[in-house]
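Read off the chains here:
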Amino acid sequence: MDRKNTSPQGETARVLVEFLEVAITSIVFLKGFYPSEAFERRRYMNVVVHRARHPQLSGYIHSVTAGLLPFVQKGLVERVNVIFYDNEHVPVEKFVFKIIVNQSYNSKVEENDLEFALRAFLIKLTVAKPLTKPLPSGSSWEVTAYFRALPQDSSNKEAQMWVPTDTKQWLQPPDITPIKSMSSEPLKVQLYLEHPNPSEPKNLGV
């Protein structure tokens, strides 16, 4: 990619998508879903993070985040969720990245400022475990994205990568725990946890 000719939104999307790949891996490590030996320590944005050793795991996270790139650039991605389910595929915990990329911003992106702001999320995640809930046995997880809109061209290969999710929805507004937020033009990001409302019915319909 020729960064000299990259738009502010394109440069921002590149940095954000790279960050999301690391952040999602950090969340999966944080939850202890896999043995610690499945990860190796690396340094990213001058923070010690964990990278998945297993090719399928690292490949899944990479393909999901890389697939978001054109949509983040166009401001079409509203939220990226890392969802943990119980053995009946009912969500028990969601890490939510809420994203806004200012499409009218025309100035130079200060990459150092952007990375410094995103770095704080990685630091917060390293100490976020007390905010989370234990996972039940037989649990699973996946990454989902919520789009403001998708390209109208049905033949668009990038759009065809994304299929509707069959995730069961909570009936009550969730309990929300903020973790971190930032604003560094043209990007705004919020990271928060969602848990089922205590009054949520135990058995959700599909």
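Thresholds applied
- Residues numbered from 1 in each chain as written.
- Predicted model: local features only at pLDDT ≥ 70, side-chain atom pairs only at ≥ 80, totals over all residues.
- Heavy atoms only, no water.
- Pairing = 2+ DSSP bridges.
- Helix = DSSP H or I, 4+ residues; strand = E, 2+ residues; numbered from the N terminus.
- Axes fitted to C-alpha atoms, helices over the stretch in contact; angles between N-to-C directions.
- Contact = heavy atoms within 4.5 Å.
- Expected span 1.5 Å × (residues − 1).
- Buried < 20%, exposed > 50% of the residue type's maximum accessible area, 1.4 Å probe, protein only.
- Core = buried A, V, L, I, M, F, W, Y, C linked by side-chain atoms within 4.5 Å.
- Salt bridge = Lys/Arg side-chain N within 4 Å of Asp/Glu carboxyl O.

The next point concerns the sheet that holds strand S4 (residues 91–101). One open sheet holds the five strands; their spatial order is S5-S3-S4-S7-S6, and the pairing between them is antiparallel. The open sheet is flanked by strand S5 (140–147) and strand S6 (175–184), the only strands paired with a single partner. Between one strand and the next, the sheet's axes are offset by a mean angle of 15°, whatever the strand orientation. Bridging between S4 and strand S7 (residues 187–195) involves eight bridges; their strand directions are antiparallel. Pairing of Ile 100 across the sheet is with Lys 188, part of S7. The sheet contacts of helix H1 (residues 8–30) involve strand S3 (77–85), S4, S5 and S7, and relative to S4 the element is tilted by about 165°.

Turning next to helix H2 (residues 55–73). Look at H2: 27 Å from first C-alpha to last across 19 residues, which is about the 27 Å you get at 1.5 Å a residue. Within H2, burial applies to Leu 57, Ile 61, Val 64, Thr 65, Gly 67, Leu 68, Pro 70, Phe 71 and Val 72. Once H2 ends, the next one or two residues include Gly 75, with phi positive near 75°.

The next subject is the pairing of S6. Regular strands show a simple pattern: their side chains alternate between the two faces of the sheet. As paired elements, S6 and S7 share nine bridges and run antiparallel to each other. Residue Ile 176 lies in a different strand from S7, and its bridge partner there is Glu 194.

The next subject is the nonpolar core. Ranked by internal contacts, the top residues of the largest apolar core, which has 53 residues, are Phe 19 and Leu 118. In this structure, Leu 118 is in contact with Val 15, Leu 16, Phe 19, Met 45, Met 182, Leu 187 and Val 189, ignoring residues within four places of it in sequence.

Another point: the pattern of salt bridges. Under the definition given, this model contains seven salt bridges. With a shortest N-O distance of 3.0 Å, Arg 14 and Glu 111 are connected by a salt bridge. A residue pair is termed long-range when its members are at least 10 positions apart, and Arg 14 in helix H1 and Glu 111 in helix H3 (residues 111–126) qualify at 97 residues. The class for Arg 14 is buried, based on a relative accessible area of 15%. Using a relative accessible area of 23% as the deciding quantity, one classes Glu 111 as partly exposed.

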